[in-house]
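Examination of the molecular architecture
Residues per chain are reported as follows:
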Amino acid sequence: MMEDVVNSGTGTGAQIDGVEVAGKTGTAETGVEGEAPHAWFIAFAPATAPRYAVSVIVEGGNTGGTDVTGGAVAAPIARDMLQNLLATNP
């Protein structure tokens with residue numbers, strides 16, 4: 001199911017060409033009126049034989065915009081982290 005999140009769900013921002021990534025997005029409200037939610041994403045890759053796992057949380061969404069979700073904000077950061085790990089430690 002976590003592979004589906006990245007392949008065709010809310011975590012498509014974590015896709016890496018040629019690597020199967022599995023992940024889960026999330027958005028956590030802060031409970032403070034008018035404050036942007038926290039965006040998070042967890043992932044591991046390669047999905048069938050995991051070598052790396054990452055977790056990203058962006059407090060307050062850090063976008064200044066309205067699209068503060070784990071898929072929009074945190075998944076691309078996780079993708080970059082995994083790409084770097086896979087490139088430097090093949």
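In short, a report on the structure.

Criteria and thresholds
- Residues numbered from 1 in each chain as written.
- Predicted model: local features only at pLDDT ≥ 70, side-chain atom pairs only at ≥ 80, totals over all residues.
- Heavy atoms only, no water.
- Salt bridge = Lys/Arg side-chain N within 4 Å of Asp/Glu carboxyl O.
- Buried < 20%, exposed > 50% of the residue type's maximum accessible area, 1.4 Å probe, protein only.
- Pairing = 2+ DSSP bridges.
- Helix = DSSP H or I, 4+ residues; strand = E, 2+ residues; numbered from the N terminus.
- Axes fitted to C-alpha atoms, helices over the stretch in contact; angles between N-to-C directions.
- Contact = heavy atoms within 4.5 Å.
- Core = buried A, V, L, I, M, F, W, Y, C linked by side-chain atoms within 4.5 Å.
- Expected span 1.5 Å × (residues − 1).

A side chain of one charge can pair with a side chain of the opposite charge when the charged atoms of the two come close. Here the structure, examined in full by the defined rule, presents 1 salt bridge. Linking Asp-80 and Arg-79 is a salt bridge whose minimum nitrogen-to-oxygen distance equals 3.1 Å. According to the relative accessible area criterion, Asp-80 is partly exposed, its value standing at 35%. Owing to a relative accessible area of 24%, Arg-79 belongs among the partly exposed residues under this scheme.

One open sheet accounts for 3 strands, arranged β1-β2-β3; its pairing is antiparallel. Edge positions in the sheet fall to β1 (22–28) and β3 (52–58), since each of these pairs with one other strand and no more. Averaged over all pairs of adjacent strands, the angle between their axes in this sheet comes to 10°, without regard to strand direction. Alignment of β1 against strand β2 (residues 38–45), held across 7 bridges, turns out to be antiparallel. Bridge pairing links Thr-25 to Phe-41 in β2. Running over the sheet, helix α2 (residues 70–88) touches β1, β2 and β3 and is turned about 145° from β3.

If you look at the biggest cluster of nonpolar residues, it comprises 19 residues, and the most contacted ones within it are Ala-14, Val-21, Phe-41, Ala-43 and Leu-82. Here the element with the most residues in this core is α2; it accounts for 6 residues.

This paragraph deals with α2. In this model α2 runs 26 Å from its N-terminal to its C-terminal C-alpha over 19 residues, within 8% of the 27 Å that 1.5 Å per residue would give. All of the buried residues in α2 are Gly-70, Gly-71, Val-73, Ala-74, Ala-75, Ala-78, Leu-82 and Leu-86. Where α2 is buried, its residues meet β1, β2 and β3.

Turning our attention to the side chain of Thr-25. Within the secondary structure layout, Thr-25 lies in strand β1. What makes Thr-25 buried here is its relative accessible area of 11%. Once residues within four sequence positions are removed from consideration, Thr-25 is found in contact with Val-5, Thr-10, Gly-11, Trp-40, Phe-41, Gly-70 and Gly-71.

Structurally, the position occupied by Trp-40 is in strand β2. We classify Trp-40 as partly exposed; its relative accessible area is 29%. In the structure, Trp-40 is positioned 20 residues away from Glu-20 in sequence and 20 Å away in space, judged by C-alpha atoms. Excluding residues that lie within four positions of it along the chain, Trp-40 makes contacts with Lys-24, Thr-25, Gly-26, Thr-27, Val-56, Ile-57, Gly-70 and Ala-74.

Take the pairing of β2 next. The two faces of β2 differ: Ala-39, Phe-41, Ala-43 and Ala-45 on one face are buried, but His-38, Trp-40, Ile-42 and Phe-44 on the other face are not. Where β2 meets β3, 7 bridges bridge the pair, whose relative direction is antiparallel. Bridge pairing links Trp-40 to Ile-57 in β3. Between β2 and β3, which pair antiparallel one after the other, the connecting turn spans 6 residues.

By themselves these figures say nothing about function.
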